[in-house]
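The primary structure of each chain is shown beneath.
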Amino acid sequence: MNRKIGIVGIIVTERNKNAPLVNQILSEHAEIILARMGIPQKETDTGFISLFVEGNTDRIGSLTGKLGMIKGVIVKSLLISEKEKK
């Protein structure tokens, strides 16, 4: 399969409620996550997460799809093909 590298941006509203499920999904996809940065906004119960990922489109799609199905979670991704980076 064609491998991709990219960035996934995640906004988690109702962080106290949604964070455990988000973390569970991220753990299930740990093999494609190269780096992760999270910034909590306690005043608004919101969290911002950025991921650097590498994997095939099925695996990355599984990660973003499962996260996007959580009410209160917004996910956007930018992917580049291995061929494009050469």
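From a predicted model like this one, the values you see are computed outputs, not experimental measurements.

Asks: Residues and numbers for a nonpolar patch on the surface, please.
Replies: Taken together, Ile11, Met37, Ile39, Phe48 and Ile74 make up a surface patch of nonpolar side chains, about 420 Å² in accessible area. Structurally, Phe48 is set in strand S3 (residues 46-56).

Asks: Just give me the short version of the nonpolar core, but keep the residues and values in it.
Replies: Residues Ile10, Val22, Leu26, Leu51, Leu63, Leu67 and Val73 are the most contacted members of the largest nonpolar core, which totals 17 residues. The residues touching Leu63, leaving out its near neighbours within four places in the chain, are Ile25, Leu26, His29, Ile32, Leu51 and Val53.

Asks: Can you explain the pairing of strand S2 (residues 33-41)? Please cite residues and give values.
Replies: Relative to S3, S2 is paired through eight bridges, and the arrangement is antiparallel. What sits directly across from Ile39, in S3, is Phe48. Linking two consecutive strands that pair antiparallel, namely S2 and S3, is a turn of four residues; a positive phi of about 55° is found at Asp45 within it.

Asks: Give a detailed account of the pairing of S3, specifying residues and quantitative values.
Replies: Look at any regular strand and the pattern is simple: side chains alternate between the two faces of the sheet. Relative to S3, strand S1 (residues 3-12) runs antiparallel, the two being bridged by ten bridges. Residue pairing across strands places Ile5 opposite Glu54, the latter belonging to S3.

Asks: A description of unusual backbone geometry should follow, citing residues and the corresponding values.
Replies: The phi torsion at Glu14 lies on the positive side, around 50°, for a residue other than glycine. The backbone of Asp45 shows a phi angle near 55°, a positive value even though the residue is not glycine. With respect to the helices, strands and loops of the structure, Asp45 is situated in the loop between S2 and S3.

Reading the values: rules and limits
Residues numbered from 1 in each chain as written. Predicted model: local features only at pLDDT ≥ 70, side-chain atom pairs only at ≥ 80, totals over all residues. Heavy atoms only, no water. Patch = residues over 30% accessible without salt bridge, like charges linked within 9 Å, V, L, I, M, F, W, Y side chains within 5 Å. Areas by Shrake-Rupley, 256 points an atom, 1.4 Å probe, with all protein chains shown as cover. Salt bridge = Lys/Arg side-chain N within 4 Å of Asp/Glu carboxyl O. Helix = DSSP H or I, 4+ residues; strand = E, 2+ residues; numbered from the N terminus. Core = buried A, V, L, I, M, F, W, Y, C linked by side-chain atoms within 4.5 Å. Buried < 20%, exposed > 50% of the residue type's maximum accessible area, 1.4 Å probe, protein only. Contact = heavy atoms within 4.5 Å. Pairing = 2+ DSSP bridges.

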